[in-house]
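# Architecture and fold: a report
One letter stands for each residue in the lines below.
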Amino acid sequence: MANGFFSIPTIANEPVKAYGAGSVERAELQAAYKKMFSEITEVPQYIGAEEIFSNNKKEIRPPHDHQKVVGYYHVGTQEDVKKAIEVALETRKTWSRTTWQERAAIFLKAADLIAGPYRAKINAATMIGQSKNAMQAEIDSACELIDFLRFNVKFMTEIYADQPISSPGVWNRVEYRPLEGFTFALTPFNFTAISGNLPTCMALMGNVVVWKPSDKQLLSAKVIMEVLKEAGLPDGVINMVLTGGAETAKTVIEHPDFSGIHFTGSTTVFRDIWKRIGDNINTHKTYPRIVGETGGKDFVMVHKSAKAKDVAIGLVRGAFEYQGQKCSAASRAYIPTNLWAEVEKEMKDMLSTVTVGTPEDFTNFVNAVIDEKAFDKISGYITRAKESAEVEVVYGGNFDKSKGYFIEPTVLKTTNPKYESMVEEIFGPVLTIYVYDEDKYEETLQLVDETSEYALTGSIYAMDADALQKAYVALENAAGNFYINDKPTGAVVGQQPFGGARASGTNDKAGSAMNLLRWTSVRTVKEQFVHPTDYKYPFLEK
């Protein structure tokens, strides 16, 4: 057995590669994209040591070219889910007792593998399967996932180092145990990093996991499993099942050994899961941990002292990067009357240079939305806006799904601050603007706070210090991640822990020690060295 107080390598954020013309990384990524796009990838379930290829296969088609089949995923059954649970619980007997440094080494190695030999592959998989351009793939599936893996190890060591004081003759200590039972990760399509982080952060803390990824993210999910296997993660620690979400949640939640869920997805689904857990609470051996990050209707509030060009850049990037398919995307903006004309001109000038198309063409800023269901929902909002007397289409408004699910960046301006696209989460490249009286700043701050049920991200643009302070106070509960003179997207692991409250989730802050603490169960240990010689206390003396 190794003895020592081990220090982990110095942890820093992974540098983002630029993929400029003629760069080595650009050539590598283009080659990886072409190779994967021309091949057929088979995605199995991973349960224990088995890779399970079923007779029920479904096609994987890129959102930007839905006539092209790039792979198949092998659909599982609820019997597979039950088997994954059994395997996980058996694996727990050994995994829960591995030393923290053994666990740390596996995930640090996984980070280095993604940073090196797997970087182009995981980025290409994200570009093809999730229709992200090179930069969006790089900051997500490479850099953010690498950061999660590395910083989580750092946070783990900080948690373990937090120990109580001891009195004379006594040694007090606390053990940060994994949860008793198995955990469940239910992950979304839009961020490869989230899909990788939700199961791995629980496993890092000694837990075993059943992981159900989105069927729209399976090319990159397969790469994640390949990386973890090469990094030395024991079979059965993370088991990936490809089954229906609702049915899988039911099977998992009804199991007595279910001990926690790590979720990112829709508010409706999360609320249903929470209710199911409550309905089954007498079944469980312990109270399950419930950690979830759901939707957002993220705001940009602008004061009359702000700089119009700064606002325009923040809106274009914040609203339209990755087609607005970010929980944090700028979706509603409040522009004062004195700035609107200039902000409008700047935005139109920028958007006129934005091209829409396949991520294989690196000049395209905007790519396809994830699938036909999303396309129909988003285009429905645009169609209704065109027909509404309360809305003006400032820019865009076009869409076409003949080859891919392409929707033009669309800017709407409404006279009704409670119009549907100011209130409801659209999850697409649609930004709605309400132009308010520049002298009604404080009233508009209250409007921002009350308009949406969500409270994920938001930003304030102002050069006036007093205006910033008023927004800081008035919008205290309106966003879990609050940005001052910046767009409301782009949280970086280790710098801006991410999560929101209200209908946006439990605010357990992915990318921080706060989140990892949710996956531990603390045992306090008191060891007494010197024993009393009598039961009597001095106060009993006559």
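Please read these numbers as outputs of a predicted model, since none were measured by experiment.

Moving on, we come to the domain arrangement of the protein. Taken domain by domain, the protein consists of domain 1 (75-294 + 505-525) and domain 2 (299-484). With centres defined by C-alpha atoms, the gap from domain 1 to domain 2 works out at 32 Å. Between domain 1 and domain 2, the contact holds 17 residues from the first and 20 residues from the second. Both sides together, the interface formed by domain 1 and domain 2 hides about 1,600 Å², and carbon and sulfur atoms give 56% of it. The largest share of the area that domain 1 buries against domain 2 comes from Ser131, Gln136 and Phe189, three residues that together contribute 29% of it. We note a salt bridge from Lys216 to Asp371, for which the minimum N-O separation is 3.7 Å. For the interface between domain 1 and domain 2, the tally reads 10 residue pairs in polar contact (both at pLDDT 80 or more). Elements with a contribution of two residues or more to the side of domain 1 that touches domain 2: helix H4 (119-130), helix H5 (134-161) and helix H9 (267-279). With 3 residues, H4 is the largest single contributor of residues to the side of domain 1 that touches domain 2.

Going through the model one piece at a time under the given rule, you end up with 12 aromatic pairs. The interplanar angle of 55° and the centroid separation of 6.2 Å between the aromatic rings of Phe182 and Phe258 together place this pair among those described as tilted. Linking Phe182 in strand S7 (residues 182-186) with Phe258 in strand S10 (residues 258-264), this pair joins segments that are 76 residues apart in sequence. Of the two residues, Phe182 and Phe258, neither departs from the other in class, the shared state being buried. Measuring from centroid to centroid gives 5.9 Å for Phe375 and Phe399, while their planes differ by 80°, and the two rings are edge-to-face. Note that Phe375 is positioned in helix H12 (residues 372-387) and Phe399 in strand S15 (residues 399-400), a separation of 24 residues in sequence.

Turning our eyes to something else, we now look at the pattern of salt bridges. One pass over the structure, following the stated rule, counts 36 salt bridges. For the salt bridge of Lys57 with Glu42, the shortest nitrogen-to-oxygen distance reads 3.5 Å. Placement of Lys57 in strand S4 (residues 57-60) and of Glu42 in strand S1 (residues 41-43) is noted, with a sequence separation of 15 residues between them. The partner of Glu226 in a salt bridge is Lys121, with the nearest N and O atoms 2.9 Å apart. Of the two residues, Glu226 sits in helix H7 (residues 218-231) while Lys121 sits in helix H4, which places them 105 residues apart along the sequence. Of the residues examined, Lys121 reaches a relative accessible area of 32% and is grouped as partly exposed. When salt bridges that share partners are traced, they join Glu14, Asp112, Arg119, Glu138 and Arg150 into one network.

Before going further, it helps to examine the environment of Thr248. Counting through the fold element by element, Thr248 comes out in helix H8 (residues 245-253). What makes Thr248 buried here is its relative accessible area of 0%. With 170 residues separating them along the chain, Thr248 and Gln78 place their C-alpha atoms 6.6 Å apart. The contacts of Thr248, once residues within four sequence positions are left out, are Gln78, Val81, Phe184, Lys212, Val241 and Thr243. Here the side chain of Thr248 touches Gly244 through a polar contact of 2.5 Å, landing on its backbone oxygen.

Taking strand neighbours across the sheet as the criterion, the 3 strands line up as S1-S5-S4 in an open arrangement whose pairing is mixed. Edge positions in the open sheet fall to S1 and S4, since each of these has one partner strand only. Adjacent strand axes in the sheet meet at a mean angle of 25° when their direction is disregarded. Sheet topology note: the S1/strand S5 (residues 71-74) ladder contains 3 bridges and is parallel. Looking at S5, one finds that Val43 is bridged to Tyr73. Contacts between H7 and the sheet are confined to S1, S4 and S5, with S1 contributing the most and set at about 70° to the helix.

Another aspect to go through is the packing of helix H10 (residues 308-320) against helix H11 (residues 340-351). Orientation of H10 relative to H11, taken along the N-to-C sense of each, is 50°, at an axis distance of 8 Å. One way to sum up the angle between H10 and H11 is to call them oblique. Regarding H10 and H11, the two cross each other, and that crossing is right-handed. Residues Ala308, Lys309, Val311, Ala312, Ile313, Leu315, Val316 and Phe320 of H10 form the contact with H11, whose participating residues are Glu342, Val343, Glu346, Met347, Met350 and Leu351. Each residue belonging to the contact of H10 with H11 can be placed in one class, and the counts come to 11 nonpolar, no polar and 3 charged.

Counting residues in hydrophobic clusters, the biggest one holds 97 residues, and the most contacted among them are Phe107, Trp211 and Ile238. With 12 residues, H5 is the single largest residue contributor to this core. Among the nonpolar cores identified, the runner-up in size contains 27 residues, and Ala308, Ile335, Leu339 and Val343 belong to it.

To continue, consider a nonpolar patch on the surface. The grouping of Tyr535, Tyr537, Phe539 and Leu540 at the surface amounts to a nonpolar patch, some 560 Å² of accessible area in total. Considering the arrangement of structural elements, one finds Tyr535 in the segment after strand S23 (520-528). Note on Tyr535: relative accessible area 63%, which makes it exposed.

Taken as a whole, helix H14 (residues 441-451) has its buried residues at Tyr441, Thr444, Leu445, Leu447, Val448 and Thr451. What you see down the axis of H14 is that its buried residues fit within an arc of 160°, all on one side. Buried-residue contacts for H14 involve strand S12 (298-302), strand S13 (330-336), helix H13 (420-423), strand S18 (430-436), strand S20 (457-461) and helix H15 (465-474).

Inspection of the secondary structure puts Thr432 in strand S18. Apart from the residues lying within four places of it in its own chain, the contact partners of Thr432 are Ser331, Arg332, Ala333, Leu412, Thr414, Ser421 and Met422.

Before going further, it helps to examine the environment of Glu254. Relative to the helices and strands, Glu254 is located in the loop between H8 and S10. Contacts of Glu254, omitting those with residues within four sequence positions, involve Asn280 and Thr283. Looking at Glu254, its side chain comes within polar contact range of the side chain of Lys250, at 3.0 Å.

Right, let's get into the side chain of Glu425. Structurally, Glu425 is set in the loop between H13 and S18. Although Glu425 is buried, it makes no salt bridge; Lys377 carries the closest opposite charge, 5.7 Å away. In terms of polar contacts, Glu425 uses its side chain to reach the backbone amide nitrogen of Gly296, at 3.1 Å. When neighbours within four sequence positions are excluded, Glu425 is seen to be in contact with Gly295, Gly296, Lys297, Lys377, Tyr381 and Tyr454.

What counts as what
Residues numbered from 1 in each chain as written. Predicted model: local features only at pLDDT ≥ 70, side-chain atom pairs only at ≥ 80, totals over all residues. Heavy atoms only, no water. Domains from an automatic or database assignment. Contact = heavy atoms within 4.5 Å. Buried area = accessible area lost by both parts, 1.4 Å probe. Salt bridge = Lys/Arg side-chain N within 4 Å of Asp/Glu carboxyl O. Polar contact = N/O pair within 3.5 Å; in protein donor to acceptor, adjacent residues only side chain to side chain. Helix = DSSP H or I, 4+ residues; strand = E, 2+ residues; numbered from the N terminus. Phe/Tyr/Trp six-rings, centres within 6.5 Å; stacked < 30°, edge-to-face > 60°. Buried < 20%, exposed > 50% of the residue type's maximum accessible area, 1.4 Å probe, protein only. Pairing = 2+ DSSP bridges. Axes fitted to C-alpha atoms, helices over the stretch in contact; angles between N-to-C directions. Parallel < 35°, antiparallel > 145°, perpendicular 65-115°, else oblique. Left-handed = near helix turned anticlockwise from the far one by under 90°. Nonpolar A, V, L, I, M, F, W, Y, C, P; charged D, E, K, R; others polar. Core = buried A, V, L, I, M, F, W, Y, C linked by side-chain atoms within 4.5 Å. Patch = residues over 30% accessible without salt bridge, like charges linked within 9 Å, V, L, I, M, F, W, Y side chains within 5 Å. Areas by Shrake-Rupley, 256 points an atom, 1.4 Å probe, with all protein chains shown as cover. Arc of directions from axis to C-beta. Lys, Arg positive; Asp, Glu negative; His and termini not counted.

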